Amino acid sequence: QVELVESGGGLAQPGESLRLSCIASKIMFSKYAMDWYRQAPGNQRELVASIRSNGSTNYADSVKGRFAISRDNTKNTVFLQMNSLTPEDTAVYYCHTFAPTIVVPHPVDYWGKGTLVTVSS
C-alpha cells in the first residue's frame, strides 16, 4: 500500500513562510513525478507545483516566484517551500503521485491525507 504522508502545515501570518514535506513509501520514488495540490474551502482541488524525475518543475501561475518544489530521492521526500504567504494560500495541501507499484503494476493516482495551511493575521 503506497503511503504519502504530508507534514509542515500550520498557521502563518501574511508574508511568512512554511515548508511542507511529503514522505512516500512503496514506490520507486526517484522514477516518478511528484505533485503538490491544494483545495481551499468551496473550491476545486488545484495543482500547485510538480517536479519530475529529472528535477524539472512547473508551477501554478498564482505561486510562481513564491513557492519552490524540490525532492530528496535519498529520503523519498518531496518538499514545498512556501514564501510570502497570503490569505489566498489558505487550503489543505495534498501530496500526489501517479505511479505503479509491485502489487499494482500500472500507474495509479495516490494521494496523501493532506496538511492544512492557514494564512491569517
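The structure reproduced in this document is the subject of the present report. The structure displayed is predicted, hence computed values, not measured ones.

### Some thoughts on the layout of surface pockets
- Of the pockets and cavities examined, the largest pocket occupies roughly 250 Å³.
- Lining the largest pocket are Gln1, Val2, Lys26, Ile27, Met28, Tyr32, Pro100, Thr101, Ile102, Val103, Val104 and Tyr110.
- Of the residues that constitute the lining of the largest pocket, the class distribution is nine nonpolar, two polar and one charged.
- Gln1, Val2, Glu3, Leu4, Val5, Glu6, Tyr110, Trp111, Gly112 and Lys113 together form the lining of the second largest pocket.
- Of all elements in the fold, only strand S1 (3-7) and strand S10 (108-111) reach the threshold of two or more residues within the lining of the second largest pocket.

### Quick look at the environment of cysteine 95
- Among the secondary structure elements, cysteine 95 is positioned in strand S9 (residues 91-99).
- Here the alpha-carbon distance between cysteine 95 and methionine 34, two residues 61 residues apart in the chain, equals 7.3 Å.
- When near neighbours in sequence (up to four residues on either side) are disregarded, cysteine 95 contacts Leu4, Glu6, Cys22, Met34, Asp35, Trp36, Val78, Tyr110, Trp111 and Gly112.

### Some remarks on unusual backbone geometry
- With phi around 70°, lysine 26 is a residue other than glycine that occupies positive phi space.
- Along the chain, the position of lysine 26 falls in the loop between strand S3 (18-25) and strand S4 (34-39).

### Some thoughts on the pairing of strand S7 (residues 67-72)
- Residues Phe67, Ile69 and Arg71 of S7 are buried on one face, while the alternating residues Ala68, Ser70 and Asp72, pointing to the opposite face, are not.
- Here S7 pairs with strand S8 (residues 77-82) via six bridges, running antiparallel. Across the sheet, the residue bridging to isoleucine 69 is leucine 80, located in S8.
- Where S7 folds back on S8, the antiparallel hairpin that results is connected by four residues, among which asparagine 76 adopts a positive phi of roughly 50°.

### So, the packing of aromatic side chains
- Counted under the stated rule, the structure contains two aromatic pairs.
- For the ring pair tyrosine 37 and tryptophan 111, a centre distance of 4.9 Å and an interplane angle of 65° mean the geometry is edge-to-face. Of the two residues, tyrosine 37 is situated in strand S4 and tryptophan 111 in strand S10; the sequence distance between them amounts to 74 residues.
- Judged by relative accessible area, tyrosine 37 falls into the buried class, the value being 18%.
- Ring centres 6.5 Å apart and planes at 85° place the aromatic pair tyrosine 94 and tryptophan 111 in the edge-to-face group. Highlighted residues: tyrosine 94 in strand S9 and tryptophan 111 in strand S10, separated in sequence by 17 residues.
- Given a relative accessible area of 36%, tryptophan 111 falls into the partly exposed group.

### Topic: the state of the cysteines
- Inspection of the entire model under this criterion finds one disulfide.
- Bridging cysteine 22 to cysteine 95, the disulfide has an S-S length of 2.1 Å. With the S-S dihedral at roughly -85°, the linkage between cysteine 22 and cysteine 95 falls on the left-handed side. Of this pair, cysteine 22 sits in strand S3 while cysteine 95 sits in strand S9, placing them 73 residues apart in sequence.
- Taking relative accessible area as the criterion, cysteine 22 reaches 0% and is therefore assigned buried.
- With relative accessibility at 0%, the residue cysteine 95 sits in the buried group.

Thresholds, definitions, all that
Residues numbered from 1 in each chain as written. Predicted model: local features only at pLDDT ≥ 70, side-chain atom pairs only at ≥ 80, totals over all residues. Heavy atoms only, no water. 1 Å grid on protein atoms, 1.4 Å probe; cavity = no way out; pocket = protein on both sides within 12 Å on 5 of 7 lines; lining within 4 Å. Points joined across faces, edges and corners; volume = space filled by probe spheres on them. Nonpolar A, V, L, I, M, F, W, Y, C, P; charged D, E, K, R; others polar. Helix = DSSP H or I, 4+ residues; strand = E, 2+ residues; numbered from the N terminus. Contact = heavy atoms within 4.5 Å. Buried < 20%, exposed > 50% of the residue type's maximum accessible area, 1.4 Å probe, protein only. Pairing = 2+ DSSP bridges. Phe/Tyr/Trp six-rings, centres within 6.5 Å; stacked < 30°, edge-to-face > 60°. Disulfide = S-S within 2.5 Å.

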